[in-house]
Structures are given as structure tokens and as C-alpha cells.
Amino acid sequence: MTAGTPATGATVLEDHLSLLAAALLPLREAEQMLARWGEELAQRLAAGGRLLVAGNGGSAAEAQHLTAELVGKLRHDRQPLSAIALHAETSAVTAIANDYGYDETFARQVRAHGRSHDHLLLMTTSGTSTNLLTAAHAAHQAGLRCWAFTGPAPNPLADLCHEHLAIDSPDGQVVQELHLVASHVLCEYVELALPAALAAQPAAGPVRAGVEVVVGEPDPTARPAGEARHEGTGGSAR
């Protein structure tokens, strides 16, 4: 998606809106990808998977906005979906940064929380943040599906993830604003696909408790679990 360079406007607002408009129209090209991501994510979350999201600075705020829409709701009341903004785990972030360095802040959490049926979504305006690149490597090692919202591509993070959405704008503010648009569209596609994803899940099997029920003729030689079987005749058991 390529955004042209707008003419300089008369005001700060006009300049900003011109940059936003230049990047907004090419975003239409991401429609099919966001729809596919939404369907894939709905299937994973309906099956008990989890979405991990991370970013720095303004992208951290975007990440937390996205997870709030999934755990809460976007438009329609439905079951909560498991989504965690890794930067919001402040005690974990500060402990990891203190003990292992800031580059490990997200990667260590990916190793802790991520499973092979989970997704990791990384948000960045530059695509060069080392802690996000390290998290992407951790996701690959753990078998997670890894996506990215980035600024202009190519960039290292876009190249490292399975798929990416790149906003082609020279202005980081515009990139973040359109990441929010993409987040809302992604969440809407998740909600649209969720009923079918839930219906496709197998019915829950019987719950195994501490008592086994056996259908058929009882075994006269059977004894309750834990009761000792004493051999021989005569005398009391000792």
C-alpha cells in the first residue's frame, strides 16, 4: 500500500489530515487480509487459544485497546475472548527488564504464556524495535502464529512475521491511527466469524471425577479402591 506525499496545508490540522487521507485510501487493500485474520483468530480463540499483543509507547496503547475489545466486546454481547497486552503486566515487565534487559520484556512472556495454538500480534511504527524482534523469534520457537502491524515496509519485523499489515506513511502518528482502524476492523471480523467458530467446536466430553461408574454386572470379587485384599484363611487381618 503506497501513500502519496500530500501538499503542505495552511495549518497543523490540515497537514495531519492530508497525511492521514493519503495513507487511508490504500488501507482498503487490506480488507481481505483482515477478514481472513478475523476468521482465523475467531477459530483459534473459540477453541481455547489466546492472543498475545505487544507494542511500545503509543503502540502499547493500541495493543491494550485491541485486547480490551476482545476481552470485553466491540459491538455485540458474546463470550469473552482470551487476549493479553504484554506491556500491561507491569510487575513482569519491570522484573524482566531489570533481570534480563529490556530486549527480553516481551519474549520471556511469550515463552511463559504462548502455546502452539496461540497468536502473537506485534505493533510498531518502525518495525525495528529489538524487544519486538526478540518476541517474534520467541513466538517462532514456541510455534505461535506471528502477525505484525507496522509502518512502511520492508522492515525487519514485517520480514520476520508470518504476515503483516504495513501502513505506508512517513508520520508515526498516522501509522498508529490507522493501526487503530485496522484493530477495530479485525475485531469486527472476529465477532462476525465467532458464532460459526463456536458452532464448529466439538461437544464437551464427560467430566472425569473421582468415582468411576461401571455399567454391567458387578464383579463379586471386586473391592473398593484402597481396600487391601488379604489372602489365606483363618485369623484376623493385621
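Everything in this summary refers to the structure shown in the same document. (Residues numbered from 1 in each chain as written. Predicted model: local features only at pLDDT ≥ 70, side-chain atom pairs only at ≥ 80, totals over all residues. Heavy atoms only, no water.)

1. Re the overall build of the chain
Right, on to step 1. Secondary structure summary: the chain contains 8 helices and 5 strands in total.
Right, on to step 2. Along the chain direction, N to C, the helices and strands of the chain fall in the order α-α-β-α-β-α-α-β-α-β-α-β-α.
Right, on to step 3. When the 238 residues of the chain are sorted by exposure, 38% land in the buried category.
Right, on to step 4. Intrachain contacts of the chain at a sequence separation of at least 6 include 69% that bridge at least 24 residues.
Right, on to step 5. Split by element, the accessible area of the chain, about 13300 Å² in all, is 54% carbon and sulfur. (Helix = DSSP H or I, 4+ residues; strand = E, 2+ residues; numbered from the N terminus. Buried < 20%, exposed > 50% of the residue type's maximum accessible area, 1.4 Å probe, protein only. Contact = heavy atoms within 4.5 Å. Areas by Shrake-Rupley, 256 points an atom, 1.4 Å probe, with all protein chains shown as cover.)

2. Quick look at the pattern of salt bridges
Right, on to step 1. A complete count under the given rule lists 6 salt bridges for this structure.
Right, on to step 2. Note that Glu 40 is salt-bridged to Arg 145, the shortest N-O span being 3.5 Å. Taken together, the residues Glu 40 in helix H2 (residues 31-46) and Arg 145 in strand E4 (residues 145-150) connect sequence positions 105 residues apart.
Right, on to step 3. Residue classification places Arg 145 among the partly exposed residues on the basis of a relative accessible area of 25%.
Right, on to step 4. We note a salt bridge from Glu 163 to Arg 145, for which the minimum N-O separation is 3.1 Å. You can see Glu 163 sitting in strand E5 (residues 163-166) and its partner Arg 145 sitting in strand E4, a full 18 residues away along the chain. (Salt bridge = Lys/Arg side-chain N within 4 Å of Asp/Glu carboxyl O.)

3. A look at the environment of Ala 35
Right, on to step 1. Positionally, Ala 35 belongs in helix H2.
Right, on to step 2. Residue classification places Ala 35 among the partly exposed positions, given a relative accessible area of 23%.
Right, on to step 3. When the C-alpha atoms of Ala 35 and Val 190 are compared, they prove to be 8.1 Å apart, with 155 residues separating the residues in sequence.

4. Details of the nonpolar core
Right, on to step 1. Counting residues in each nonpolar core, the largest one holds 34 residues, and the members touching the most others are Leu 51, Leu 121, Phe 149 and Leu 165.
Right, on to step 2. Among the elements of the structure, helix H1 (12-24), H2, strand E1 (51-55), helix H3 (58-71), strand E3 (119-123), E4 and helix H8 (172-199) are those that each provide at least two residues to this core.
Right, on to step 3. At 10 residues, H8 tops the list of elements feeding residues into this core.
Right, on to step 4. If you look at the next biggest cluster of nonpolar residues, it comprises 19 residues, including Phe 106, Ala 136, Ala 138 and Cys 161. (Core = buried A, V, L, I, M, F, W, Y, C linked by side-chain atoms within 4.5 Å.)

5. Points about the environment of His 113
Right, on to step 1. In this structure, His 113 sits in helix H5 (residues 107-113).
Right, on to step 2. Owing to a relative accessible area of 28%, His 113 belongs among the partly exposed residues under this scheme.
Right, on to step 3. Along the chain, His 113 and Leu 51 lie 62 residues apart, while their C-alpha atoms are 9.9 Å from each other.
Right, on to step 4. Leaving out residues up to four positions away in the same chain, His 113 has contacts with Arg 50, Leu 52, Leu 86 and Asp 118.

6. Some remarks on H1
Right, on to step 1. Given a rise of 1.5 Å per residue, 13 residues ought to cover 18 Å, and the 18 Å separating the end C-alpha atoms of H1 matches this to within 8%.
Right, on to step 2. Among all positions in H1, only His 16, Leu 19, Ala 22 and Ala 23 are buried. Projection of H1 onto a plane perpendicular to its axis shows the buried side chains occupying an angular sector of 130 degrees, all on one side. (Expected span 1.5 Å × (residues − 1). Arc of directions from axis to C-beta.)

7. Brief notes about the packing of H2 against H8
Right, on to step 1. Direction vectors running N to C along H2 and H8 enclose 50 degrees, while the axes themselves pass 7 Å from each other. By the angle class used here, H2 and H8 are oblique. Crossing of H2 over H8 shows right-handed handedness. Here H2 contributes Glu 31, Leu 34, Ala 35, Trp 37, Gly 38, Glu 39, Leu 41, Ala 42, Gln 43 and Ala 46 to the contact with H8, which in turn contributes Ala 182, Val 185, Leu 186, Tyr 189, Val 190, Ala 193, Leu 194, Ala 197 and Leu 198.
Right, on to step 2. Within the contact of H2 with H8, the residues separate by chemical class into 15 nonpolar, 2 polar and 2 charged. (Axes fitted to C-alpha atoms, helices over the stretch in contact; angles between N-to-C directions. Parallel < 35°, antiparallel > 145°, perpendicular 65-115°, else oblique. Left-handed = near helix turned anticlockwise from the far one by under 90°. Nonpolar A, V, L, I, M, F, W, Y, C, P; charged D, E, K, R; others polar.)

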